[in-house]
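Fold and contact review
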Amino acid sequence: MAKISLVLDDAHSLKEKRMVLRRIKDRVRERVHVVVNEVGAQDIWQRGELGCAVVSAERGKALELIDEVVRVAMAAGGAQIVGIAKDVTTFDAPAVPFAPIDERTGAGDKAQGGDDWVPDAWREESDT
């Protein structure tokens, strides 16, 4: 995960700030294929915080992706990066058995079973 802190000196309104951040977010998504979103300082028009998370089997590859996100964000212009916070988490939890529960209510599900799903009030109406 990464949080990028930005200063937007040329932004004089929240609308201008959003335009700059949108350009950065779009450029990162197009070039690195990573989604970046505003995660802080949302009401301050000359500050911005963007966050992203990447997943990889290799720690080094995840850090490379985050570094590439930062490079593309810097090159997009309109904002100066003043801070970057990175955090890498490994996930080593053991797998546990999973039994899916199908709680769909569509007609296709009911065709498989009996008519015990029909409410009693409906049965009474159909009997009369």
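Now for a look at the structure at hand. Owing to the predicted nature of the structure, the values given are computational and were not obtained by experimental measurement.

With that settled, the discussion passes to the sheet that holds strand β2 (residues 37-40). Taken together, the four strands give an open sheet; going across it, the order is β2-β3-β1-β4, and neighbouring strands pair in antiparallel fashion. In this open sheet, the two strands that pair with only one neighbour each are β2 and β4 (80-86). Mean inter-strand twist for the sheet, computed between neighbouring axes without regard to direction, equals 35°. Across the face of the sheet, helix α2 (residues 59-76) comes into contact with β1 (2-7), β3 (47-52) and β4 while running at roughly 165° to β4.

For Lys17, the position within the fold is in helix α1 (residues 14-32). For Lys17, a relative accessible area of 0% puts it in the buried group. Polar side-chain contacts of Lys17 include one of 2.9 Å to the backbone oxygen of Ile44. The residues touching Lys17, leaving out its near neighbours within four places in the chain, are Leu8, Ala11, Glu38, Ala41, Gln42, Asp43, Ile44, Trp45, Arg47 and Gly48.

In this structure, Leu6, Leu8, Ile24, Val28, Val34 and Val69 are the most contacted members of the largest nonpolar core, which totals 24 residues. The dominant element in this core, judged by the number of residues it contributes, is α2, at seven residues.

Once that is clear, we can look at the pattern of salt bridges. Pairing of side chains with opposite charge becomes possible as their charged atoms draw close. Applying the stated rule across the entire model yields six salt bridges. Salt-bridge contacts for Lys3 lead to Glu49; the nearest nitrogen and oxygen are separated by 4.0 Å. With Lys3 in strand β1 and Glu49 in strand β3, this residue pair connects regions lying 46 residues apart in the sequence. Under the relative-accessibility criterion, Lys3 is labelled partly exposed at 35%. Across the pair Glu68 and Arg71 runs a salt bridge, and its minimum N-O distance is 2.9 Å. Of this pair, Glu68 and Arg71 both sit in helix α2, three residues apart, which is roughly one turn of that helix.

This next bit is on the pairing of β3. Pairing geometry for β1 and β3, over six bridges, is antiparallel. Of the residues in β3, the one forming a bridge with Lys3 is Gly51. As judged from the three bridges shared by β2 and β3, these two strands associate in the antiparallel manner. Residue pairing across strands places Glu38 opposite Leu50, the latter belonging to β3. Between β2 and β3, which pair antiparallel in sequence order, lie six residues; one of them, Ala41, sits at a positive phi of approximately 50°.

Rules behind the numbers
- Residues numbered from 1 in each chain as written.
- Predicted model: local features only at pLDDT ≥ 70, side-chain atom pairs only at ≥ 80, totals over all residues.
- Heavy atoms only, no water.
- Pairing = 2+ DSSP bridges.
- Helix = DSSP H or I, 4+ residues; strand = E, 2+ residues; numbered from the N terminus.
- Axes fitted to C-alpha atoms, helices over the stretch in contact; angles between N-to-C directions.
- Contact = heavy atoms within 4.5 Å.
- Buried < 20%, exposed > 50% of the residue type's maximum accessible area, 1.4 Å probe, protein only.
- Polar contact = N/O pair within 3.5 Å; in protein donor to acceptor, adjacent residues only side chain to side chain.
- Core = buried A, V, L, I, M, F, W, Y, C linked by side-chain atoms within 4.5 Å.
- Salt bridge = Lys/Arg side-chain N within 4 Å of Asp/Glu carboxyl O.

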